[in-house]
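Residue strings, one per chain:
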Amino acid sequence: KEYTSENLSYKLNELPQKVLNVLKSAGKMADDEGYSAYVVGGFVRDLILGVENLDIDIVIEGDAVAFAQKFASQINAKITVHEKFQTAYVYIDEDLQIDFVTARKEYYEFPGSLPIIETGTIKDDLFRRDFTINCIAMKLNGDEFGKVVDFYGGRRDLYDGVIRILYNLSFIEDPTRIIRAVRFEQRYGFLMDEKTEEFAIKAVKSDVLDKLSIERINTEFFYMLKEKNAAKMLQRLKELGLLKKAYPEMELSDQLINLMEKSDNQWEDFYIGLINKKNIDKILIYLLVLHSNMSVDKVHASADRMRLKKEYKDEILRFIEVKDLNLPALVAEGNLSNYDVYSMFTGLSLESLYVISIMFDDRVRDAVLVYINNLSQIKTEITGKDIMELGIAPGPEIKRILQAVLKEKINGKIFTYDDEINFVKNLLEQEN
Ligand code: ATP
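Basis of the calculations
- Residues numbered from 1 in each chain as written.
- Predicted model: local features only at pLDDT ≥ 70, side-chain atom pairs only at ≥ 80, totals over all residues.
- Heavy atoms only, no water.
- Domains from an automatic or database assignment.
- Pairing = 2+ DSSP bridges.
- Helix = DSSP H or I, 4+ residues; strand = E, 2+ residues; numbered from the N terminus.
- Contact = heavy atoms within 4.5 Å.
- Axes fitted to C-alpha atoms, helices over the stretch in contact; angles between N-to-C directions.
- Expected span 1.5 Å × (residues − 1).
- Buried < 20%, exposed > 50% of the residue type's maximum accessible area, 1.4 Å probe, protein only.
- Polar contact = N/O pair within 3.5 Å; in protein donor to acceptor, adjacent residues only side chain to side chain.
- Phe/Tyr/Trp six-rings, centres within 6.5 Å; stacked < 30°, edge-to-face > 60°.
- Lys NZ or Arg CZ within 6 Å of the ring centre and 35° of its normal.
- Parallel < 35°, antiparallel > 145°, perpendicular 65-115°, else oblique.
- Salt bridge = Lys/Arg side-chain N within 4 Å of Asp/Glu carboxyl O.

**A short note on the domain arrangement of the chain**
Interface size is commonly expressed as the accessible surface area that is lost when the partners come together.
For step 1, the next point in the chain: For the chain, the domain assignment lists domain 1 (1-156), domain 2 (161-246), domain 3 (247-377) and domain 4 (384-431).
For step 2, the next point in the chain: If you average the C-alpha positions of domain 2 and of domain 4, the two centres end up 59 Å apart.

**A short note on the sheet that holds strand β2 (residues 55-61)**
For step 1, the next point in the chain: Read from one edge of the open sheet, 7 strands run β3-β4-β5-β2-β1-β8-β9, paired in mixed fashion. Looking at the sheet topology across the chains shown, the edges are occupied by β3 (78-82) and β9 (148-149).
For step 2, the next point in the chain: Where strand β8 (residues 137-139) lies against β9, 2 bridges are found, and the strand directions are antiparallel. For Met-138, the partnering residue across the bridge sits in β9 and is Val-148.
For step 3, the next point in the chain: Relative to strand β1 (residues 36-40), helix α3 (residues 42-49) is tilted by about 60°, and along the sheet it contacts β1, β2 and β8.
For step 4, the next point in the chain: Contacts from helix α4 (residues 64-75) reach β2, β3, β4 (87-93) and β5 (96-102), with the element oriented near 150° to β5.

**A few points about helix α22 (residues 362-373)**
For step 1, the next point in the chain: For α22, which comprises 12 residues, the first-to-last C-alpha distance of 16 Å matches the rise-based estimate of 16 Å (1.5 Å per residue) to within 8%.
For step 2, the next point in the chain: Within the span of α22, buried status applies to Val-364, Ala-367, Val-368, Leu-369, Tyr-371 and Ile-372.
For step 3, the next point in the chain: Those residues of α22 hidden inside the fold are in contact with α15 (267-272), α19 (327-333), α20 (338-345) and α21 (350-359).
For step 4, the next point in the chain: If you check the start of α22, you find a side-chain oxygen 3.3 Å away from the backbone N of Arg-363, and it comes from Asp-361.

**Focus on the packing of aromatic side chains**
For step 1, the next point in the chain: Under the criterion given, the structure shown has 19 aromatic pairs.
For step 2, the next point in the chain: Here the aromatic rings of Phe-67 and Phe-100 are separated by 5.7 Å at their centres, their planes lie at 50°, and the arrangement is tilted. Note that Phe-67 is positioned in helix α4 and Phe-100 in strand β5, a separation of 33 residues in sequence. Both residues of the pair, Phe-67 and Phe-100, count as buried.
For step 3, the next point in the chain: Relative to Phe-222, the ring of Phe-221 lies with its centre 6.2 Å away and its plane at 85°, an arrangement referred to as edge-to-face.
For step 4, the next point in the chain: Phe-221 gets classed as buried once you look at its relative accessible area, which sits at 0%.
For step 5, the next point in the chain: Aromatic ring contacts, followed pair by pair, group Phe-131, Phe-171, Phe-184, Tyr-188 and Phe-190 into a single cluster.
For step 6, the next point in the chain: Over the aromatic face of Tyr-91 sits the side chain of Lys-78, whose NZ or CZ is 5.0 Å from the ring centroid.
For step 7, the next point in the chain: Taking the ring centre of Phe-184 as reference, the NZ or CZ of Arg-183 above it sits at 5.1 Å.

**Describing the packing of α21 against α22**
For step 1, the next point in the chain: Two elements in contact, α21 and α22, have axes whose closest approach is 8 Å; the angle formed by their N-to-C orientations is 155°. Between α21 and α22, the crossing angle belongs to the class labelled roughly antiparallel. The segment α21 lies against α22, with Leu-350, Leu-353, Ile-356 and Ser-357 engaging Val-364, Arg-365, Val-368, Tyr-371 and Ile-372.

**Side note on the pattern of salt bridges**
For step 1, the next point in the chain: All told, the structure shown has 41 salt bridges when counted by the stated rule.
For step 2, the next point in the chain: Lys-18 serves as the salt-bridge partner of Asp-93, at 2.9 Å between the closest nitrogen and oxygen. In this pair, Asp-93 is assigned in strand β4 and Lys-18 in helix α2 (residues 17-33), connecting sequence segments 75 residues apart.
For step 3, the next point in the chain: Residue Asp-93 is classed as partly exposed on the basis of its relative accessible area of 24%.
For step 4, the next point in the chain: The exposure class assigned to Lys-18 is partly exposed, which follows from its relative accessible area of 36%.
For step 5, the next point in the chain: Counted as one network, the salt bridges with shared partners bring together Asp-130, Arg-180, Arg-183, Arg-187, Glu-220 and Glu-227.

**Considerations on the environment of Ile-280**
For step 1, the next point in the chain: Relative to the helices and strands, Ile-280 is located in the loop between α15 and α16 (282-291).
For step 2, the next point in the chain: On the accessibility criterion, Ile-280 (24% relative accessible area) is partly exposed.
For step 3, the next point in the chain: For the pair formed by Ile-280 and Ile-48, sequence separation is 232 residues and the distance between their alpha carbons is 33 Å.
For step 4, the next point in the chain: Every residue in contact with Ile-280, bar those within four places of it in the chain, is listed here: Trp-267, Ile-285, Leu-350 and Glu-351.

Here it is in C-alpha cells:
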C-alpha cells in the first residue's frame, strides 16, 4: 500500500500538527489564488520512508514570490525573497522554515554549467531534479490535499531501494549529482541501479568534472562529510573513480577508511574520559583523518583545493607535524617529562588530540588524556606583575620567566605561589 497509494493522507498524521497546519494553510491559499501548490523533494521522500525531515520545499505553479509574501504576512512570519531565482524563504520558527519556488524548467548550455531557467509546470520542475526518489510531489490544494504526483516512478524506487537518474545525460549535465547519489545510497542503504552507476562511471571518465568549478564539488563533498556513513560514502566515491579525479592528493587506503570509522565509534569512550566535556567539530575530525597520510606539501595542495578556511588548514598542518613525531616510540621509551608531553601537544585542538589518541596505541592515548585532563589545565599562580615587582622590566623576558615557572610546575617540582616566587628569585640569582 505504502508505495502504490495515490494519496499520502495515511502518512500525514505522523507529522507534527504544526507542520500539517502550515501545509494545509498553504493549500488553502493556493485555492484562493487559483494556483496549484505542491510540497516536493526530500520532505516527501522522507515522509514516505517514515524519516523525520522538516525541510519543506513548496513548488507553486504561479508566482511563488507573491504567494510566499502573502502567506508570510497571513501567519506573521519573516520572509527573505530572491527575486532573481523566483524563490522565497519563509521563517516560521526555529525548527520550521519553508522554501517557496516557482515551478521551473531548466536547460544546461554546456555540461557543468549552471542551468538556464524558465517558468514551467510541476512536471518540468520535477524533471530538473536529480533522482526519481527526490521527485515525488504531494499536492496541497484543498480537495486534493495529500495527492501523490509521481511521474518518474519515485515510489517504486523508494520501495526497491534504488537511486535512479531521470535521463541519461543527468550526470554529464551536473556531475555533483554523483556525490549526491552516493550520499543517498549510503544514507538509506540503497543502491544505484545498474544503468545509473554506469552513467556515473562514464561521466567520471569523461572530462566533465574538469569543467565543473571545484566549489560546487566541495559543497556536495562537505554535505557528505556531515552524514553518519561518510566513510562508506568516500569508499563509494573511490570505487566510482570520482575521488581521485576531484581530490588527487587524497589516498583513501583501507587503513584510512578504518580510521575514519574508528573516529565515529570511539568518540563516546574518549568523551567519557574527559573531565571538562566539550563538543567537537566532526567535519574537522574527518578532515584530519583524510589528511593524516599526506606530506606537508600535499596537505597544502589538498587544503587549497578544498578551499578550507585558514583555521582548518593551520590545524591540519599542526596535527601532521605532531603525529609524525613517532609518538609510540617516544612514549614507550618512558623518559618524557610531563613538560615534554605538554610541549608536544600544546596548541592542538581537541579534535587533533582525539585523532592522535585513536591513531596509535593505548599508551599514546593515555598520554593524550593526561595532557588534556591534567597538564593543559596547569597555570602559574604568579603573573607578569609579580615578576616586574622582582625588578624585571616589561618585555619578552617576562614571558620567558613565566614559561620557566610553568615548566617547573608541570614537572611537579613546585606547587604554591610562594614556591613560584622563590623559583623566580633563584633563577634570577643564578643568571646574574
Ligand atoms: P537532504 O535530506 O540531504 O536535505 P534533499 O533531497 O532535501 O536531501 P537538498 O540538497 O536540500 O536535498 O535538495 C532539495 C531538492 O532539490 C532535492 O530533493 C532534489 O530534488 C533537488 N536537487 C538538489 N540538488 C540537485 C542537483 N544537483 N540536481 C538536481 N536536483 C537537485
